[in-house]
Amino acid sequence: ELNALPDGSILAGGKNPDSDVYSVTVSGGPNRIRAFRVEALPHESLPRQGPGRYESNGNFRMFEFRVYSGTEPVVLNSAEATYDERDQSEKLIDGLNAGLGWCIDGRQGRRSWVVLTSDLQRSPNDQLRIEIDQTSEVYKKYNLGSFRLSATDDVGAAAHARLYSAFKLDELVNLDIALGKAFAANRINERAAASFARALEQTETSAHRDSILSDLT
C-alpha cells in the first residue's frame with residue numbers, strides 16, 4: 001500500500017511483506033530526461049525513522065530500478081548514491097537482481113538519494129512507469145518505507161550526488177549559501193534562489209533550517 005503525501009513523497013503502509021516491487025506511474029515531466037532520482041526519506045512512523053521498513057534497524061535494500069516510457073524500457077547508464085552502505089548502487093541497473101543493490105545502514109533517520117542517469121527523449125504524452133524491485137530470497141522485509149521520485153534534464157545531477165558523498169553536509173550547505181549570496185550580490189536572482197533552495201533542501205533538522213533562514217534575512 002503506497003500513499004502519496006502532500007510534500008510529494010510516498011509512504012508505504014499496511015503489512016510489510018517479505019519482498020515487494022513498487023510500481024509508480026506518472027504523466028508529464030520534461031521531454032528530455034537526463035536523470036531520475038530516488039530520495040529515501042525519514043518518517044516518524046518507520047523503525048528508527050526509516051527510511052526502510054526493516055523492523056530491527058529501519059534499513060531497506062533496493063535491488064533493481066526500472067523505468068518505462070510508454071511501453072518501452074528506458075536505458076539507464078549509471079547510478080550514483082549520496083550514501084551507499086556497500087558501494088553497490090550500480091547493481092540497480094544491471095538487470096540481474098543478484099541480491100546486490102542500494103542500502104543505507106548507518107544513515108537511518110536521515111535523507112539519502114540515488115541518481116540514475118539516462119538520455120531519454122520522450123513524447124510529453126508518454127506515461128512514465130517506475131519500478132523499484134526489492135525482491136530477494138535472502139533479505140526479507142527490507143522494503144523502502146518513505147521515498148520521493150523525480151526526473152530532471154540536468155546533466156549535472158549525478159555529479160551533484162558525487163559531490164554530496166565526498167563532503168560533509170555542513171560544508172555543502174555553507175557552500176550553497178555562499179554561492180547564493182554571491183549570485184544575489186550580482187543580481188543573478190534565479191541562480192541565487194536555486195542555491196539557497198538547495199541549501200535548505202540539504203538541511204536535516206528544523207533548527208538548522210531556521211538558522212539558515214535567519215542568516216538570510
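Summarised in this report is the structure supplied together with it. Just so it is clear, the model here is predicted, and its values are computed rather than measured.

1. Looking at the sheet that holds strand S7 (residues 78–81)
Right, on to step 1. The antiparallel open sheet is built from 6 strands, whose spatial order is S1-S2-S10-S4-S8-S7. The sheet is open, and its two edges are formed by strand S1 (2–4) and S7, each paired on a single side. Sheet twist, expressed as the mean angle between neighbouring strand axes with direction ignored, is 25°.
Right, on to step 2. Examined bridge by bridge, strand S2 (residues 10–12) and strand S10 (residues 146–152) share 2 bridges and lie antiparallel to one another. The residue bridging Ile10 from the neighbouring strand is Phe147, located in S10.
Right, on to step 3. In this fold helix H1 (residues 157–166) packs onto strand S4 (32–40), S7, strand S8 (112–121) and S10, with an angle of close to 160° to the strand it touches most, S8.

2. What about helix H3 (residues 189–202)?
Right, on to step 1. With 14 residues, H3 extends 20 Å between its outermost C-alpha atoms, agreeing within 8% with the 20 Å of an ideal straight helix rising 1.5 Å per residue.
Right, on to step 2. Three or more residues of H3 are buried, namely Ala192, Ser195, Phe196, Ala199 and Gln202. Along the axis of H3, the buried positions cluster into a sector of 130°, meaning they face one direction only. Of the residues in H3, the exposed ones pointing more than 90 degrees away from the buried face are Asn189 and Glu190.

3. A closer look at unusual backbone geometry
With the exception of glycine, most residues fall at negative phi, and the peptide bonds are largely trans.
Right, on to step 1. Here the amide bond leading from Gly50 into Pro51 is cis, since omega sits at 15°, within 30 degrees of zero.
Right, on to step 2. Here Pro51 lies in the loop between S4 and strand S5 (64–69).
Right, on to step 3. Even without being glycine, Arg187 reaches a positive phi, approximately 60°.
Right, on to step 4. Residue position: Arg187 is located in the loop between helix H2 (169–185) and H3.
Right, on to step 5. Of the residues examined, Arg187 reaches a relative accessible area of 74% and is grouped as exposed.

4. Some remarks on the side chain of Gln108
Right, on to step 1. Looking at the secondary structure, you find Gln108 in the loop between S7 and S8.
Right, on to step 2. A polar contact of 3.0 Å, which involves the side chain of Gln108, links it to the backbone oxygen of Asn57.

5. Observations concerning the packing of aromatic side chains
Right, on to step 1. Tallying each qualifying case throughout the model produces 6 aromatic pairs.
Right, on to step 2. Look at Tyr139 and Tyr142: their rings are 5.8 Å apart centre to centre, the planes differ by 90°, and that puts the pair in the edge-to-face class.
Right, on to step 3. Members of the aromatic cluster, each reached through a chain of ring pairs, are Tyr54, Phe63, Tyr139 and Tyr142.
Right, on to step 4. Between the NZ or CZ atom of Arg37 and the centre of the ring of Trp113, over which it lies, the distance is 5.6 Å.
Right, on to step 5. Looking at Arg129, its charged tip hangs above the ring of Tyr68, at a distance of 4.2 Å from the centre.

6. Considerations on the sheet that holds strand S6 (residues 72–73)
Right, on to step 1. The 4 strands lie next to each other as S3-S9-S5-S6, forming an open sheet whose pairing is antiparallel. Each having just a single partner strand, strand S3 (21–26) and S6 make up the two edges of the open sheet.
Right, on to step 2. Pairing between S5 and strand S9 (residues 128–133): 6 bridges, direction antiparallel. Of the residues in S9, the one forming a bridge with Val67 is Ile130.

7. Overview of the pattern of salt bridges
Right, on to step 1. Enumeration according to the criterion identifies 11 salt bridges in this entry.
Right, on to step 2. For the salt bridge of Arg148 with Asp7, the shortest nitrogen-to-oxygen distance reads 3.8 Å. Placement of Arg148 in strand S10 and of Asp7 in the loop between S1 and S2 is noted, with a sequence separation of 141 residues between them.
Right, on to step 3. Here Asp133 ties to Arg66 by a salt bridge, and the two come within 3.2 Å at their closest N and O atoms. Remark: Arg66 occurs in strand S5 and Asp133 occurs in strand S9; sequence separation between them is 67 residues.
Right, on to step 4. The class for Asp133 is buried, based on a relative accessible area of 7%.

8. Some points on the nonpolar core
Right, on to step 1. One finds Phe36, Val38, Phe65 and Trp102 to be the most contacted residues of the largest nonpolar core, which totals 27 residues.
Right, on to step 2. Only S2, S3, S4, S5, S7, S8 and S9 provide two or more residues apiece to this core.
Right, on to step 3. Counting residues per element, this core draws most heavily on S4, which supplies 4 residues.
Right, on to step 4. Here Phe65 is in contact with Phe36, Val38, Leu76, Leu92, Leu116, Ile130, Glu131 and Ile132, once residues within four sequence places are set aside.
Right, on to step 5. Core analysis: the next-biggest nonpolar cluster, separate from the first, contains 13 residues, Ala158, Tyr164, Leu172 and Ile212 among them.

Conventions used here
- Residues numbered from 1 in each chain as written.
- Predicted model: local features only at pLDDT ≥ 70, side-chain atom pairs only at ≥ 80, totals over all residues.
- Heavy atoms only, no water.
- Pairing = 2+ DSSP bridges.
- Helix = DSSP H or I, 4+ residues; strand = E, 2+ residues; numbered from the N terminus.
- Axes fitted to C-alpha atoms, helices over the stretch in contact; angles between N-to-C directions.
- Contact = heavy atoms within 4.5 Å.
- Expected span 1.5 Å × (residues − 1).
- Buried < 20%, exposed > 50% of the residue type's maximum accessible area, 1.4 Å probe, protein only.
- Arc of directions from axis to C-beta.
- Polar contact = N/O pair within 3.5 Å; in protein donor to acceptor, adjacent residues only side chain to side chain.
- Phe/Tyr/Trp six-rings, centres within 6.5 Å; stacked < 30°, edge-to-face > 60°.
- Lys NZ or Arg CZ within 6 Å of the ring centre and 35° of its normal.
- Salt bridge = Lys/Arg side-chain N within 4 Å of Asp/Glu carboxyl O.
- Core = buried A, V, L, I, M, F, W, Y, C linked by side-chain atoms within 4.5 Å.

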